[in-house]
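# Structural characterization, general
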Amino acid sequence: MVRFIFGKQRVFTKNKEGVFDRQIGFNIQTDNTLQFLDIDFFDFDEDGIKEILVMNNKHTYNGYYLKLYKFNFESYSDITGSYFDETQYDGENSWIKWLHIFDYDRDGDLDILADGLFGDLNKNNGNGIIYWKNTGEKFVRTSNF
Ligand SMILES: [Ca+2]
Ligand SMILES: [Ca+2]
């Protein structure tokens, strides 16, 4: 569950017994040039606990910044660099609205598709595609432009 409080995003999760517990909520740290747009939960490191993938816009919709956080019931940390090399972009009114996690390229593993592309990112007469391809090691930003 994600609750919006004065521009900060507080995440409440189930405890180890599977019950939501407000005492173990935490704030997703983003710097104040970033604004949260979409969130997905997926177990990137296959330890049985889902990580938190967040799409932000930068500088009030003038770019995007993808972040990944690891959570273990006691703390959380930014592990974006462990799974992604290209996570941000700067451009006037260029941002991404949603993320979808599914096997976009149909090679048997899950990828991360950007949906709702604006500004410079909305190319090829609106048919531009950006996704992060699962290579087994990392998720590599891929596009058709
Ligand atoms: Ca995990
Ligand atoms: Ca795939």
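Residues numbered from 1 in each chain as written. Chains lettered and ligands numbered in written order. Predicted model: local features only at pLDDT ≥ 70, side-chain atom pairs only at ≥ 80, totals over all residues.

## A short note on the overall build of the chain
- Of the regular secondary structure elements, the chain holds one helix and 12 strands.
- Ordered by position from the N terminus, the helices and strands of the chain form the series β-β-β-β-β-β-β-α-β-β-β-β-β.
- When the 145 residues of the chain are sorted by exposure, 19% land in the buried category.
- Put simply, 35% of the contacts in the chain that link residues at least 6 apart link residues at least 24 apart. (Helix = DSSP H or I, 4+ residues; strand = E, 2+ residues; numbered from the N terminus. Buried ≥ 20, exposed ≤ 12 C-beta atoms within 10 Å, placed from the backbone. Contact = placed C-beta atoms within 7 Å.)

## Here's the deal with the sheet that holds strand β12 (residues 139–143)
- Here four strands make up an open sheet; going across it, the order is β9-β10-β11-β12 and the pairing antiparallel. This sheet does not close on itself; its edge strands, each paired only once, are β9 (96–102) and β12. Taking each pair of neighbouring strands and ignoring which way they run, the sheet shows an average axis angle of 25 degrees. (Pairing = 2+ DSSP bridges. Axes fitted to C-alpha atoms, helices over the stretch in contact; angles between N-to-C directions.)

## Considerations on the nonpolar core
- Counting 21 residues, the largest nonpolar core has Met55, Tyr64, Ile96 and Ala114 as the members making the most contacts within it.
- Elements represented by at least two residues in this core include exactly β5 (51–58), β6 (63–71), β9, β10 (111–117) and β11 (130–134).
- Once residues lying within four places of it in the same chain are set aside, the contact partners of Ile96 are Met55, Tyr64, Ala114, Gly116, Leu117 and Leu121. (Core = buried A, V, L, I, M, F, W, Y, C linked by C-beta atoms within 7 Å.)

## Some remarks on the environment of Thr60
- Structurally, Thr60 is set in the loop between β5 and β6.
- Classification of Thr60 by C-beta neighbours within 10 Å gives exposed; the count is 11.

## Notes on the pairing of β11
- With respect to burial, β11 is a largely interior element, four of its five residues being buried.
- With two bridges joining them, β10 and β11 adopt antiparallel strand pairing. The partner of Ile112 across the bridge, within β11, is Trp132.
- For β11 and β12, the ladder comprises five bridges, and the chain directions are antiparallel.

## Section: unusual backbone geometry
- Despite not being glycine, Glu46 has its phi angle at roughly 55 degrees, a positive value.
- Residue position: Glu46 is located in the loop between β4 (34–42) and β5.
- Residue class for Glu46 comes out exposed when judged on the 6 C-beta atoms lying within 10 Å of it.
- Unusually for a residue other than glycine, Asn124 sits at a positive phi of about 50 degrees.
- The exposure class of Asn124 is exposed, given the 10 C-beta atoms found within 10 Å.

## A word on the confidence of the model for the chain
- Confidence in the prediction of the chain, expressed as mean pLDDT, is 87, and 90% of residues score 70 or more.
- Across the chain, β11 holds the top mean pLDDT of 98, while strand β1 (residues 2–5) sits lowest at 52. (pLDDT = per-residue confidence, 0-100.)

## As for the environment of Leu117
- Here Leu117 lies in strand β10.
- Residue class for Leu117 comes out buried when judged on the 21 C-beta atoms lying within 10 Å of it.
- Linking Leu117 and Ile96, residues 21 residues apart in sequence, is a C-alpha distance of 4.9 Å.
- Ignoring anything within four residues of it in the chain, the contact list for Leu117 reads Ile96, Asn122, Gly128 and Ile130.

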